[in-house]
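Analysis of the macromolecular model
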Amino acid sequence: MSQKRHIIIVGGGASGLTAAVMAAEQGCSVTVLEHNERIGRKLCVTGNGRCNLTNLNFYEGAYRGNHPEFAREILRQFSLEDTLEFFESIGLPVTDRNGWLYPRSGQAKCVPELLEWKARSLRVKIKTKEHVTKIFKKNGLWNVKTESWSYQGNAVILANGSKASSVSGADGSGYELSAGLGHKIIKPLPALVSLKCRGNGFSGWAGVRTEAEATLTADGKILCRESGEVQLTDYGISGIPVFQLSRFAVRACEEGKKTEIFLNFLPEYEEDQIEKLFRRRRERCPYKSVPELFTGLFPDKLCRILLKQKDPLKAARSFHLEVTGHSGFSQAQICSGGIDTQEVNPHTLESKIHKDLYFAGELLDIDGACGGYNLQWAWSSGAVAGIHSAKESL
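All of the points below concern the structure found in this document. (Residues numbered from 1 in each chain as written. Predicted model: local features only at pLDDT ≥ 70, side-chain atom pairs only at ≥ 80, totals over all residues. Heavy atoms only, no water.)

**Looking at the overall build of the chain**
Note the cut-off: The way it works is that DSSP assigns letters per residue, a run of H or I at least four long becomes a helix, a run of E at least two long becomes a strand, and they are numbered from the N terminus. Exposure classes here rest on a 1.4 Å probe applied to the protein chains alone. A residue is buried below 20% of its type maximum, exposed above 50%, and partly exposed in between. We call two residues in contact whenever any of their non-hydrogen atoms come within 4.5 Å of each other. Areas reported here follow the Shrake-Rupley algorithm with a probe of radius 1.4 Å; residue values treat only the protein chains shown as occluding. His residues and chain termini do not enter the charge count, which takes Lys and Arg as positive and Asp and Glu as negative. Lysine's charge is taken at NZ, arginine's at CZ, aspartate's at CG and glutamate's at CD.
Counting secondary structure elements, the chain contains twelve helices and 21 strands. Across the 394 residues that make up the chain, the buried fraction comes to 54%. Contacts in the chain between residues far apart in sequence, at least 24 positions, make up 73% of those at least 6 positions apart. Taken as a whole, the chain presents about 18,200 Å² of accessible surface, with 46% of it coming from carbon and sulfur. Counting 50 positive and 44 negative side-chain charges, the chain places the averaged centre of each group 3 Å from the other.

Structure (structure tokens):
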């Protein structure tokens, strides 16, 4: 009887646990090494504790990176439909909120629990509080050293995430391990993160939430636009539209470009319609002062800020902000950057440098838009890495 192929997975998050289940279902012996005292800690805090699992609406541009097309084959191999079937197989019912899918329970913590139960039912060994310090190959086997032990296996999957998280242990050690194995790392930077802006008058609008269209420019060139509820903060801006364009803003700042955002607080009106809107308000309410004409259109705090501008009407449709930075890795939902995907097989996620070394999840230079796309990448890449690592590569 031939000996089982042994797979060692570094990281017990969404992609690592999915990889573990898939490899074990292929008949492999699997060991998961997790840095924290328990698995899936980042999963427990995603989506404000609700866990946006995936999204029914896929679109061009949902995935970013130096080579965003890299994601296509992986998502084709393990699709949304495959993911939903996987959820059903582990007993995870979902609910649809305008295309954004969440656990039916509304609790993120059930996701790692269900993944763990499934993995343990397949006899996956899960070792927590194991910090990997070195990975090398000797006599045809991969050796994974931790601070307390040494593990040997036929294949290794690195699925240990990024530096982005408020959860302790999100230290970016996977980048160091990958770089030590000869892989190029695209500098990791925070993404899906709030932005800091130049100025000292933001305390006046702090706490306001309002509909707006945000246009991002770098050295005067428009990069992207996003609309939705923007949160105005004492350091700048936040909210989903800001998160969506933040990965481009942060990278533009890192490259030394003049990075600016223009907020249109009346996105439902064309420019000529705004002029007509205020003219009509003056005609119908001639007794109102200019400040009073703004009342009812914008929150009070925002009215006061707009009326301090040289041209309040222009400011209402194109409020200028210069981006100076971000609120940090601990406040970011994900990172952009990571392992250069040109050095990874786009069909199997195996390293092009080392046989039987695989990657999954956020460690790779692929990041998704807000709305469950990053977790879909975790499920898909974890599944593909798990399935292919279970087969002896040629």
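**Points about the packing of helix α4 (residues 80–89) against helix α12 (residues 373–389)**
Applicable threshold: Axis definition: a line fitted to C-alpha atoms, over the contacting stretch in the case of helices. Angles run 0 to 180 degrees between N-to-C directions. Should an angle fall under 35 degrees it is taken as roughly parallel, and over 145 as roughly antiparallel, whereas 65 to 115 is taken as roughly perpendicular and any remaining angle as oblique.
Two elements in contact, α4 and α12, have axes whose closest approach is 10 Å; the angle formed by their N-to-C orientations is 80°. With respect to each other, α4 and α12 are oriented roughly perpendicular. When α4 is examined against α12, the residues Leu80, Thr83 and Phe87 are found in contact with a partner set consisting of Gln376, Trp379 and Ser380.

**Some remarks on unusual backbone geometry**
Residues other than glycine seldom take positive phi values, yet Leu349 does so here, at roughly 65°. Mapped onto the secondary structure, Leu349 falls in the loop between β19 (334–339) and β20 (357–359). Even without a glycine there, the phi angle at Asp356 is positive, about 70°. For Asp356, a relative accessible area of 4% gives the class buried.

**Looking at the nonpolar core**
This is how it is decided: Nonpolar cores are built from buried Ala, Val, Leu, Ile, Met, Phe, Trp, Tyr and Cys residues. Side-chain atoms within 4.5 Å join them into one set.
Core analysis: the biggest nonpolar cluster contains 113 residues, and Val30, Trp205, Ile237, Phe265 and Trp379 have the highest contact counts within it. If we skip the residues at most four places from it in the chain, Trp379 touches Ala14, Thr18, Leu43, Leu53, Phe78, Thr83, Phe87, Val111 and Leu115. Counting residues in hydrophobic clusters, the runner-up holds five residues, among them Ala191, Leu192, Phe243 and Ile334.

**Some words on the pairing of strand β15 (residues 221–232)**
What counts here: Here, strands pair whenever DSSP counts at least two bridges between them.
As paired elements, strand β14 (residues 209–218) and β15 share ten bridges and run antiparallel to each other. Its bridge partner being in β15, Ala214 is matched across the sheet by Glu226. Between the end of β14 and the start of β15, which pair antiparallel, lie two residues, with Asp219 showing a positive phi angle near 50°. In this sheet, strand β16 (residues 236–238) lies alongside β15 in antiparallel orientation, the contact comprising two bridges. Bridge assignment links Leu232 to a residue of β16, and that residue is Ile237. Taking the residues between adjacent antiparallel strands as the criterion, β15 and β16 are bridged by three residues.

**A few points about the packing of helix α1 (residues 14–25) against α12**
Applied cut-off: Working rule for handedness: look at the near helix, and if it is turned counterclockwise from the far one by less than a right angle, call the crossing left-handed; if clockwise, right-handed. Polar here means any residue outside two lists: the nonpolar Ala, Val, Leu, Ile, Met, Phe, Trp, Tyr, Cys and Pro, and the charged Asp, Glu, Lys and Arg; Gly therefore counts as polar.
Following both chains from N to C, one finds α1 and α12 inclined at 35°, their axes separated by 7 Å at the closest point. Between α1 and α12 lies a crossing of right-handed hand. Of the residues in α12, those touching α1 at Ala14, Ser15, Thr18, Ala19, Met22 and Ala23 are Leu375, Ala378, Trp379, Ser381, Gly382, Ala383, Gly386, Ile387 and Ser389. Here the residues of the contact of α1 with α12 sort into nine nonpolar, six polar and no charged.

**A closer look at the environment of Tyr63**
Here is the rule we go by: Counted as a polar contact is a pair of N or O atoms within 3.5 Å, where, for protein atoms, one must be capable of donating a hydrogen and the other of accepting one, and residues adjacent in sequence contribute only when both atoms are in side chains.
Structurally, Tyr63 is set in strand β4 (residues 63–64). With 123 residues separating them in the primary sequence, Tyr63 and Ile186 have C-alpha atoms 16 Å apart. Among residues more than four places away in sequence, those in contact with Tyr63 are Phe58, Pro68, Ala71, Leu75, Ile366, Asp367, Gly368, Tyr373, Gln376 and Trp377. A polar contact of 2.6 Å, which involves the side chain of Tyr63, links it to the backbone oxygen of Tyr373.

**Examining the environment of Gly180**
One can find Gly180 in helix α6 (residues 173–180). On the basis of relative accessible area, Gly180 is assigned to the exposed category, the value being 68%. Considered as a pair, Gly180 and Lys134 are 46 residues apart in the sequence and their alpha carbons are 8.5 Å apart.

**Brief notes about the pattern of salt bridges**
Our working definition: For this analysis, a salt bridge means a side-chain nitrogen from Lys or Arg found within 4 Å of a carboxyl oxygen belonging to Asp or Glu.
Within this structure, the stated rule accounts for 19 salt bridges. Here Lys184 ties to Asp340 by a salt bridge, and the two come within 3.9 Å at their closest N and O atoms. Of the two residues, Lys184 is situated in the loop between α6 and β12 (185–191) and Asp340 in the loop between β19 and β20; the sequence distance between them amounts to 156 residues. For Lys184, a relative accessible area of 46% puts it in the partly exposed group. Within the structure, one salt-bridge network assembled from shared partners comprises Arg5, Lys355 and Asp356.

**Quick word on the environment of Gln342**
Mapping Gln342 onto the fold places it in the loop between β19 and β20. Sequence-distant contacts of Gln342, defined by excluding residues within four places in its chain, comprise His67 and Lys352.

**Comments concerning the sheet that holds β14**
Taking strand neighbours around the barrel as the criterion, the six strands line up as β13-β16-β15-β14-β17-β18 in a closed arrangement whose pairing is antiparallel. For this sheet, the mean inter-axis angle between neighbouring strands, taken without regard to orientation, is 45°.

**Concerning the side chain of Ser238**
The topology assignment puts Ser238 in strand β16. A distance of 2.7 Å separates a polar atom in the side chain of Ser238 from a polar atom in the side chain of Ser194. If we ignore the near neighbours within four places in the chain, the residues touching Ser238 are Ser194, Val230, Gln231, Thr233 and Phe243.

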